[in-house]
Amino acid sequence: MSNLNSKHTSGAIYLSVICMIVILTTVFLASCTQERKEAPKPRARKARVQSAPREKPPEVDIQNVTAVIKTDKGDIEIAFYADDAPETAKNFAKNVRLKFYDGESFHRVEAGQLVQAGSARLNETIPLETSNQQYKKGAVAMAGDGVESHASEFYICLDTLETDEPHTIFGRVINGIDVLTKIEPNDKILSATLRSNE
């Protein structure tokens, strides 16, 4: 009987030792896994995509309006090329009427070359419209990849630019060229409106 109890006790001790080894091994492996875990990778900000409004504002006659971009540095007035880029001009006018540019920043400023702004609420493209208009001082064009235009991002030339891919030039600055030279990165568009020329 004593021999049986001794075997039973030895078996219990053996089982306890095995359990202890399994637990310690599990804890050790878990700590090693945590040590090897990679640091989080920085990710680019995703555009705040906004679905198209349920009711589009009625189209305006882009030949008879001027876009006015108000900034802390002064106003920039843009006339549209209604014949050379009618759809792009209408798209820009629609963005203005829907207040997509209000409060947005000039997020890109290349001194002596261009200033760029746009709405982070739109992440869409529109067809490219090409013409004989030149990338000269005061030209207003949509950013893009040479195949399509971004539906919101636009830039204004501060000098004649050389480019190896086409962008839609849809307007020109008719007032406020001097304001453009004062724009700095992250300057805000206080408001963008359309003014009738009549």
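Check the entry above for the structure.
Owing to the predicted nature of the structure, the values given are computational and were not obtained by experimental measurement.

**A look at the environment of aspartate 187**
Relative to the helices and strands, aspartate 187 is located in the loop between helix H3 (177–180) and strand S9 (189–196). A C-alpha to C-alpha distance of 7.6 Å links aspartate 187 and threonine 71, two positions 116 residues apart in sequence. Every residue in contact with aspartate 187, bar those within four places of it in the chain, is listed here: Lys73, Glu104, Ser105, Phe106 and Lys182.

**A word on the packing of aromatic side chains**
Tallied over the entire structure, the rule returns 6 aromatic pairs. With centroids separated by 6.3 Å and ring planes inclined at 25 degrees, the aromatic side chains of phenylalanine 80 and phenylalanine 170 adopt a geometry described as stacked. Placement of the pair is phenylalanine 80 in strand S2 (residues 74–80) and phenylalanine 170 in strand S8 (residues 169–175), with a sequence separation of 90 residues. The same class applies to phenylalanine 80 and to phenylalanine 170, which are both buried. A network of ring pairs unites the aromatic residues Phe80, Phe92, Tyr101, Phe154 and Phe170 as a single cluster.

**Quick word on unusual backbone geometry**
For lysine 99, which is not glycine, the phi torsion reads 65 degrees and is therefore positive. With respect to the helices and strands, lysine 99 occurs in the loop between helix H2 (86–97) and strand S3 (108–110). Residue lysine 99 is classed as partly exposed on the basis of its relative accessible area of 42%.

About the cut-offs
- Residues numbered from 1 in each chain as written.
- Predicted model: local features only at pLDDT ≥ 70, side-chain atom pairs only at ≥ 80, totals over all residues.
- Heavy atoms only, no water.
- Helix = DSSP H or I, 4+ residues; strand = E, 2+ residues; numbered from the N terminus.
- Contact = heavy atoms within 4.5 Å.
- Phe/Tyr/Trp six-rings, centres within 6.5 Å; stacked < 30°, edge-to-face > 60°.
- Buried < 20%, exposed > 50% of the residue type's maximum accessible area, 1.4 Å probe, protein only.

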